[in-house]
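Read off the chains here:
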Amino acid sequence: GVPLQCLGLESYQQQLLTTMILPFGAAVLLVLGFLVRSGCANDKDWLAAGLLASLPWLLPLSFLVFPMVSSAAFRAFSCEEFDGGRSFLRADYAVECGSDVHRFAKSLAWLGILLYPVGILALYTGLLWAARHAITAKKPTALSKALGFLVRDFEPEYLWWELLAAWKKLVLLGFAVLFSPGSILQLVIAFVISLVLL
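First, a word on scope: everything that follows refers to the structure included in this document. Residue numbers restart at each chain and count upward from 1, following the sequence in its written direction. Reporting in this predicted model follows two pLDDT cut-offs: at least 70 for local features of residues, and 80 or more for side-chain atom pairs to be given and counted; totals over whole chains, interfaces and linings ignore these cut-offs and use all residues. Side-chain metrics in this entry use all non-hydrogen atoms of the structure; hydrogen atoms and water are not considered.

## A word on the packing of aromatic side chains
Pairs of aromatic rings are described using the distance from one ring centre to the other and the angle between the two planes.
Alright, step 1. For this analysis, a ring pair means two rings from Phe, Tyr or Trp (six-membered ring only for Trp) whose centres lie within 6.5 Å, classed as stacked if their planes differ by under 30 degrees, edge-to-face if by over 60, and tilted for the remaining angles. Applying the stated rule across the entire model yields seven aromatic pairs.
Alright, step 2. Relative to Tyr93, the ring of Phe82 has its centre 6.0 Å away and its plane inclined at 70°; by these criteria the two rings are edge-to-face. Here Tyr93 lies in strand β3 (residues 92-96) and Phe82 lies in the loop between β1 (79-81) and β2 (87-89), a separation of 11 residues in the sequence.
Alright, step 3. Under the scheme applied here, a residue whose accessible area is under 20% of the maximum for its type counts as buried, over 50% as exposed, and between as partly exposed, the area being computed with a 1.4 Å probe on protein chains only. Taking relative accessible area as the criterion, Tyr93 reaches 42% and is therefore assigned partly exposed.
Alright, step 4. Linked through ring pairs, Phe74, Phe77, Trp110 and Phe175 together constitute an aromatic cluster.
Alright, step 5. Note on geometry: a ring has a charge over it if NZ (lysine) or CZ (arginine) is within 6 Å of the ring centre and within 35 degrees of the ring normal. Here Arg132 stacks its cationic end above the ring of Trp129, 3.7 Å away from the centre of that ring. Helix and strand assignments follow DSSP, with helices taken as H or I runs no shorter than four residues and strands as E runs no shorter than two, numbered in order from the N terminus.

This is how it looks when you write it as structure tokens:
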């Protein structure tokens, strides 16, 4: 809850990097801890056992980090134009849009978008795809049990609902920012996407 400026992270790029690196570091430490535990327990397949054991902890972490990093990353594309024709980044008015600093911020934002919102949703899709038969047949496996955070509140026939809702949020609240910001076209695109998903 502490503003990142209080930690000496004043620029948008510093804040975005911190928002991207800290959760990734926490996830790596979590996985390493479970791998060490599996190795010390002399599990035959210690790698698979450690990864499966860490999954119920990684999924809630990724679910919490997803909106935070998404929001921070998509802020790199929102500029405000002032009198005189100059525009500045709304997330950090010290950054002039179109400058080298802004281009670096956008590159960093694209990396964050690929790693977190797109990467997390792709991971969820792959995991659900791998466990789909066990979940729909109600014959639990180690993987389907580890995915309980994603699927336990849904009936098996609605297995993909949470994933669909997450992609919808990403498209409407994230990528929609990139299409003609502030225009009627942007509203029409968002409306059509919502209508199709409805």
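Anyway, onward from the coordinates.
## Comments concerning the pairing of β3
Alright, step 1. By definition, two strands form a pair when at least two bridges between them are found by DSSP. As paired elements, β2 and β3 share two bridges and run antiparallel to each other. Within the sheet, the bridge partner assigned to Leu89 lies in β3 and is Asp92.
Alright, step 2. The antiparallel pairing of β2 with β3 creates a hairpin that spans two residues between the two strands.

## Remarks on the pattern of salt bridges
Pairing of side chains with opposite charge becomes possible as their charged atoms draw close.
Alright, step 1. Take a side-chain nitrogen of Lys or Arg and a carboxyl oxygen of Asp or Glu: if they are within 4 Å of each other, that pair is a salt bridge. Under the definition given, this model contains three salt bridges.
Alright, step 2. Between Glu80 and Arg90 there is a salt bridge whose closest N-O contact spans 3.5 Å. Residue Glu80 is found in strand β1, and its partner Arg90 is found in the loop between β2 and β3; the two are separated by 10 residues along the sequence.
Alright, step 3. For Glu80, a relative accessible area of 24% corresponds to the partly exposed category.
Alright, step 4. Overall, Arg90 belongs to the partly exposed group, its relative accessible area being 45%.

## Examining the state of the cysteines
Alright, step 1. Pairs of cysteine sulfur atoms within 2.5 Å are what we label disulfides. Going through the model one piece at a time under the given rule, you end up with one disulfide.
Alright, step 2. Between the sulfur atoms of Cys79 and its disulfide partner Cys97 the distance amounts to 1.8 Å. Here the S-S torsion is close to -100°, and the disulfide linking Cys79 with Cys97 is therefore left-handed. Note that Cys79 is positioned in strand β1 and Cys97 in the loop between β3 and α3 (100-136), a separation of 18 residues in sequence.
Alright, step 3. For Cys97, a relative accessible area of 15% corresponds to the buried category.

## Section: α3
Alright, step 1. Helix span, as expected, comes to 1.5 Å for every residue beyond the first. Helix length check: α3, at 37 residues, gives a terminal C-alpha distance of 51 Å against a target of 54 Å (1.5 Å per residue), a fit within 8%.
Alright, step 2. What is called the bend at a residue is the angle between a pair of axes, fitted to the seven residues leading up to and ending at it and to the seven starting from it. Taken as a whole, α3 carries its principal kink of about 50° at Ala130.
Alright, step 3. One or two steps after α3, the chain reaches Lys138, where phi turns positive at roughly 55°.

## Quick word on the side chain of Ser87
Alright, step 1. Among the structural elements, Ser87 can be located in strand β2.
Alright, step 2. The class for Ser87 is buried, based on a relative accessible area of 18%.
Alright, step 3. Only heavy atoms enter the contact rule, under which two residues are in contact if any of them lie within 4.5 Å. Other than its neighbours up to four places away in sequence, Ser87 contacts Cys79, Glu80, Glu81, Glu96 and Cys97.

## Digging into the sheet that holds β2
Alright, step 1. One open sheet holds the three strands; their spatial order is β1-β2-β3, and the pairing between them is antiparallel. A strand with exactly one partner marks an edge of an open sheet, and here the two such strands are β1 and β3. The sheet shows a mean angle of 40° between the axes of neighbouring strands, direction not considered. Axis angles are defined between N-to-C directions and span 0 to 180 degrees, where every axis is a line fitted to C-alpha atoms and, for a helix, only to the segment in contact.

## Describing the nonpolar core
Alright, step 1. Counting 37 residues, the largest nonpolar core has Leu16 and Leu147 as its most contacted members.
Alright, step 2. Looking at this core, the elements with two or more residues in it are α1 (12-40), α2 (46-74), α3, α5 (148-151) and α6 (161-173).
Alright, step 3. Sort the elements by how many residues they give to this core and α3 lands first, with 12 residues.
Alright, step 4. Beyond its immediate sequence surroundings of up to four residues, Leu147 is in contact with Leu55, Leu59, Leu127, Leu128 and Ala131. In these notes, a set of buried Ala, Val, Leu, Ile, Met, Phe, Trp, Tyr and Cys residues joined through side-chain atoms within 4.5 Å is what counts as a nonpolar core.

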